[in-house]
Amino acid sequence: MSATLVRGIGELVTNDPTVGDGVLGVVRGAALVIDDGRVAWIGPAEDAPATDRMIDAEDGVVVPGFVDSHAHLVFAGDRAAEFAARMAGEPYTGGGIRTTVAATRSATDGQLARNVARLRSEALRQGTTTIEVKSGYGLTVEDEERSLRIAREHTAETTFLGAHVVPPEFDGKSDAYVDVVCGPMLAAAAPYAKWVDVFCERGAFDADQSRAVLTAGIAAGLQPRIHANQLTAGAGVQLAVALDAASADHCTHLSDSDVAALAGSATVATLLPGAEFSTRSPYPDARRLIDAGATVALATDCNPGSSYTSSMPLCVALAVREMRMTPAEAVWAATAGGARALRRTDIGHLGIGARADLVILDAPSYLHLAYRPGVPLVHTVLLDGEPT
Ligand SMILES: [Zn+2]
């Protein structure tokens, strides 16, 4: 396997404080060598070894590939009309998920697969090198299984979210639906899933039901993560911490004890500002979480209802503008934070030995990710050391 030198790096964000300055481990005037898909060498450009292949960053900034740890990509149709109605004043309740469930159930495997491929490619072009993908719009044994089978072709980070919403055929019988989720649906989904998730929320699944789903998933060999405290200050965060979930996602409505629980745990608080943006809702208080010592990640929540964006740079910009994160905190949360939320140590940083998933930006500094919102700054994306 031949080595590749990335030279002309104006600013290298390693997320490794032992390599460079600050929490982002920033190195200026650096070069980086990739060997066998991994970062093999970092140093001053003038000391760079000779390699077979070279990539010129043209004085741009190089950042670790974004890690989008929360996305719902397996679905059919869209809900643009619902978005327009919401922008005209109708509240977001989560009930529109059923619209997508109906469209997803009637779609062919090929239609679902093409939609996942389209969104995966869209995310990659915006610098996302790792993406988590959830099921949750099938809500039958067969439709959840095929959703995960299709997702697995695009990512190792697949999540069984049979407990996304109670489907219409189980109206008034949510406990009976949870029995299906924990029984035959889990059994069918588990071979294709790494994670188990539940939407713990008023109108979706209560604390006892959520615990039952996650506990069953853990027993089947999956690892827990949870949609928690999005619309109300419910029990989700406390459940996440109690079960050592990798991540509690949304965290928009938190009590002081929720914040303390997250800060004292290995559970990452994953904030999804695209959801608040797209539902015109108050943003989570990132500053409060960070100041308390919690680990914060940023993710897109890409889905056709409440956050139809696949753009991690947009999430970085929103986090800085609307959630009072510093640009450095936001870039860290979108890369290293996402890796923590997936319990991965090989991605989200560019230290020696890391996977060579990286993004070259048409910008002199990572600050531009927040400073130039909506601008396509991504110049080149390397996945496993290979240009995409
Ligand atoms: Zn979600």
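On a predicted model such as this, the values are computed, not experimentally measured, just so you know.

S.K.: Looking at this structure, how should I read the overall build of the chain?
M.R.: Across its full length, the chain holds 13 helices and 18 strands. With the principal axes as the frame, the chain shows a C-alpha extent of 70 × 45 × 45 Å. Classification of the 388 residues of the chain by burial places 57% in the buried group. When contacts within the chain are restricted to residue pairs at least 6 apart in sequence, long-range pairs at least 24 apart make up 69% of them.

S.K.: Is there a simple way to explain unusual backbone geometry in this structure?
M.R.: The phi dihedral of Leu139 falls on the positive side, at around 60°, and the residue is not glycine. Relative to the helices and strands, Leu139 resides in the loop between strand S8 (133-134) and helix H4 (141-152). Of note, Arg324 is a non-glycine position whose phi angle comes to about 60°, a positive value. Turning to its location among the elements, Arg324 is positioned in the loop between helix H11 (312-323) and helix H12 (327-341).

S.K.: Got a minute to help me understand H4 in this structure?
M.R.: Turn by turn, an α-helix covers 3.6 residues, leaving residues three or four places apart pointing in a common direction. Its 12 residues place the ends of H4 17 Å apart at the C-alpha level, agreeing with the 16 Å of an ideal helix rising 1.5 Å per residue. Judged by how many residues are buried, H4 sits mostly within the fold: nine of 12 residues are covered. By the burial criterion, the buried members of H4 are Asp143, Glu144, Glu145, Arg146, Ser147, Leu148, Arg149, Ile150 and Ala151. Next to the buried residues of H4 lie helix H2 (97-105), helix H3 (109-125), S8, strand S9 (158-163) and helix H5 (174-189).

S.K.: Mind showing me how you'd approach the environment of Ala235 here?
M.R.: Mapping Ala235 onto the fold places it in the loop between strand S12 (226-228) and helix H7 (236-242). Among the residues examined, Ala235 registers 20 C-beta atoms within 10 Å and is labelled buried. As a C-alpha pair, Ala235 and Asp56 span 179 residues in sequence and 50 Å in three-dimensional space. Setting aside chain neighbours within four positions, we find Ala235 in contact with Cys200 and Ala207.

S.K.: Explain the packing of H4 against H5 here, please?
M.R.: For any two helices packed against each other, the geometry is given by the interaxial angle and the distance between the axes. Across the interface, H4 lies against H5 with an axial gap of 8 Å and an inter-helix angle of 25°. The orientation of H4 relative to H5 falls into the category roughly parallel. Helix-helix and strand crossings are classified by hand; for H4 and H5 the assignment is right-handed. Between H4 and H5, the contacting residues are Val141, Glu144, Glu145 and Leu148 on the first element and Pro184, Met185, Ala188 and Ala189 on the second. Here the residues of the contact of H4 with H5 are counted per class, giving six nonpolar, no polar and two charged.

S.K.: For this particular structure, what's the right way to read helix H8 (residues 256-263)?
M.R.: What H8 keeps buried is the set Asp258, Val259, Ala261 and Leu262. Each buried residue of H8 lies within a common arc of 160° when the element is viewed along its axis, so the set occupies one face. Looking at H8, the residues exposed on the side facing more than 90 degrees away from the buried face are Asp256 and Ser257. Check the buried side of H8 and you find it contacts H7, strand S13 (247-250), strand S14 (268-271) and helix H10 (286-292).

S.K.: I keep staring at the domain arrangement of the chain and nothing clicks. Help me out?
M.R.: Where interface size is given, it is often the accessible area lost as the parts come together that is meant. Split by domain assignment, the chain resolves into domain 1 (4-64 + 349-387) and domain 2 (66-341). Taken over C-alpha atoms, the centre of domain 1 sits 30 Å from the centre of domain 2. Listed by partner, the interface residues are 19 residues for domain 1 and 18 residues for domain 2. Of all the secondary-structure elements, those providing two or more residues to the side of domain 1 that touches domain 2 are strand S5 (61-64), helix H13 (368-371) and strand S17 (378-383). Top element by residues in the side of domain 1 that touches domain 2 is S17. It accounts for three residues.

S.K.: Is there a simple way to explain the environment of Ala336 in this structure?
M.R.: Looking at where Ala336 falls in the secondary structure, it is placed in helix H12. Overall, the presence of 25 C-beta atoms within 10 Å leaves Ala336 in the buried class. C-alpha separation for the pair Ala336 and Ile131, spaced 205 residues apart in sequence, amounts to 13 Å. In contact with Ala336, not counting residues within four places along its chain, are Asn15, Gly348 and His349.

S.K.: Is there a simple way to think about the pairing of S13 in this case?
M.R.: The side chains of a regular strand alternate, first on one face of the sheet and then on the other. In terms of strand pairing, S12 meets S13 through three bridges, oriented parallel. The partner of His227 across the bridge, within S13, is Asp249. Once you follow S12 into H7 and on to S13, the crossover reads as right-handed. In the sheet, S13 pairs with S14 via three bridges, with the strands oriented parallel. Among the inter-strand pairings, Ala248 is bridged to a residue of S14, identified as Ala269.

S.K.: Honestly, the packing of H3 against H4 in this entry has me stumped. Any pointers?
M.R.: The N-to-C vectors of H3 and H4 enclose an angle of 45°; their axes lie 10 Å apart at closest approach. If you check the angle between H3 and H4, you find them oblique. The way H3 lies across H4 gives a crossing that is right-handed. In this structure, H3 uses Asp109, Leu112, Ala113 and Val116 to contact H4, whose residues at the interface are Arg146, Ser147, Ile150 and Ala151. By residue class, the composition of the contact of H3 with H4 is five nonpolar, one polar and two charged.

Conventions adopted
Residues numbered from 1 in each chain as written. Predicted model: local features only at pLDDT ≥ 70, side-chain atom pairs only at ≥ 80, totals over all residues. Helix = DSSP H or I, 4+ residues; strand = E, 2+ residues; numbered from the N terminus. Buried ≥ 20, exposed ≤ 12 C-beta atoms within 10 Å, placed from the backbone. Contact = placed C-beta atoms within 7 Å. Expected span 1.5 Å × (residues − 1). Axes fitted to C-alpha atoms, helices over the stretch in contact; angles between N-to-C directions. Parallel < 35°, antiparallel > 145°, perpendicular 65-115°, else oblique. Left-handed = near helix turned anticlockwise from the far one by under 90°. Nonpolar A, V, L, I, M, F, W, Y, C, P; charged D, E, K, R; others polar. Arc of directions from axis to C-beta. Domains from an automatic or database assignment. Pairing = 2+ DSSP bridges. Right-handed = clockwise from strand over helix to strand, strands pointing away.

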